[in-house]
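# Coordinate analysis (summary)
Letter by letter, the chains look like this.
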Amino acid sequence: MKYLCLVYLDEKRLPELPDEDCVEFDSGIRRLWIETSLPPALADYVALIRSFNTDGALRHYPGSSRIALSRLRAIDRMRLFELHPSESQTLHAFYSNQPRPVRQQVQVQAMDGFDGLRSVLPPAPRRALVLIDPSYEDKNDYARVRTALGDAMQRFATGTYLLWYPLVQRREPRLMIDALKKQFPQDWLHVTLTVRAPT
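Reading the values: rules and limits
Residues numbered from 1 in each chain as written. Predicted model: local features only at pLDDT ≥ 70, side-chain atom pairs only at ≥ 80, totals over all residues. Heavy atoms only, no water. Helix = DSSP H or I, 4+ residues; strand = E, 2+ residues; numbered from the N terminus. Buried < 20%, exposed > 50% of the residue type's maximum accessible area, 1.4 Å probe, protein only. Contact = heavy atoms within 4.5 Å. Areas by Shrake-Rupley, 256 points an atom, 1.4 Å probe, with all protein chains shown as cover. Core = buried A, V, L, I, M, F, W, Y, C linked by side-chain atoms within 4.5 Å. Arc of directions from axis to C-beta. Polar contact = N/O pair within 3.5 Å; in protein donor to acceptor, adjacent residues only side chain to side chain. Axes fitted to C-alpha atoms, helices over the stretch in contact; angles between N-to-C directions. Parallel < 35°, antiparallel > 145°, perpendicular 65-115°, else oblique. Left-handed = near helix turned anticlockwise from the far one by under 90°. Nonpolar A, V, L, I, M, F, W, Y, C, P; charged D, E, K, R; others polar. Pairing = 2+ DSSP bridges. Right-handed = clockwise from strand over helix to strand, strands pointing away.

### Points about the overall build of the protein chain
Secondary structure assignment for the protein chain yields nine helices and five strands. For the protein chain, the sequential pattern of α-helices and β-strands runs β-α-α-α-α-β-α-α-β-α-β-α-β-α. Within the span of the protein chain, comprising 199 residues, buried residues form 41% of the whole. In the protein chain, the share of contacts with a sequence separation of at least 24, taken over all contacts with a separation of at least 6, comes to 73%. As displayed, the protein chain has an accessible area near 11,900 Å², and 51% of this comes from carbon and sulfur atoms.

### Observations regarding the nonpolar core
Core analysis: the largest hydrophobic core is formed by 21 residues, its most contacted members being L117, L121, I132, V145, L149, Y161 and M176. Looking at this core, the elements with two or more residues in it are α7 (113-120), β4 (128-132), α8 (140-155) and α9 (171-183). The greatest single-element share of this core, amounting to five residues, is contributed by α8. If we skip the residues at most four places from it in the chain, L149 touches I132, Y161, L163, L180 and F184. Grouped together as the second largest cluster of nonpolar side chains are 13 residues, F25, L32, V46 and Y61 included.

### Observations regarding unusual backbone geometry
Here the bond from L121 into P122 is cis, since omega is -5°, no more than 30 degrees from zero. For P122, the position within the fold is in the loop between α7 and β4. In the Ramachandran plot, R126 falls in the positive-phi region, its phi being about 60° despite a non-glycine side chain. Mapping R126 onto the fold places it in the loop between α7 and β4.

### Topic: α7
For α7, the complete set of buried residues consists of G113, F114, G116, L117 and V120. Projected down its long axis, α7 carries its buried residues within an arc of 160°, all on one side. The N-cap residue of α7 is D112: its side-chain oxygen and the backbone nitrogen of F114 are 2.9 Å apart.

### Brief notes about the packing of α8 against α9
Relative orientation of the contacting elements α8 and α9 amounts to 15°, with a least axis distance of 9 Å. The angle between α8 and α9 falls in the class roughly parallel. The way α8 lies across α9 gives a crossing that is right-handed. The segment α8 lies against α9, with Y142, V145, R146, L149 and G150 engaging E172, P173, M176, A179, L180 and Q183. Classifying every residue of the contact of α8 with α9 gives seven nonpolar, two polar and two charged.

### Notes on the pairing of β4
Counting buried residues in β4 gives four out of five residues, a clear majority hidden from the surface. Pairing of β4 with strand β5 (residues 160-163), which is carried by four bridges, proceeds in the parallel orientation. Along β5, the bridge assignment pairs V130 with Y161. Considered for its hand, the β-α-β crossover made up of β4, α8 and β5 is right-handed.

Below you can see the structure in the form of structure tokens.
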């Protein structure tokens, strides 16, 4: 049986108490949490978040790596890259305190995710899901995403790549998506979720 390699670039959220003063919390998961008529895909997502909150109150809001970990098979592996020192230490501490099978599955590296991606492609199993989730605090991240995906596709064209980006009223996200559509005209799915007007 082949295993799957999951690669996360710049993963930041861990199981934690939701920050109720955070705009993303207030206009994001909190709104979904109380909604009773969600589309099936969002209903599945909220059900998954509820599985981390067994008492029915929204106390834990796991990030993508924690959600992925809950879905990994025993033979799967996950690599996490985080450049920011304190966030990298937090990730490392969290996964270091997990049971031994999890510690064997997950590797956290304190390095730039774009550089980290180059170091793991192509993966040994020739199967991988890559999540690229930079902060976009630096506007150069938009260009770096295009470069990283171009390089990744040359190294590992059969991989599955997920790219998160914020819906903001800046030209960089639109230019990035337009460029990626031209660069990769086939096998492309573009999905957005808008919960309020971009700012």
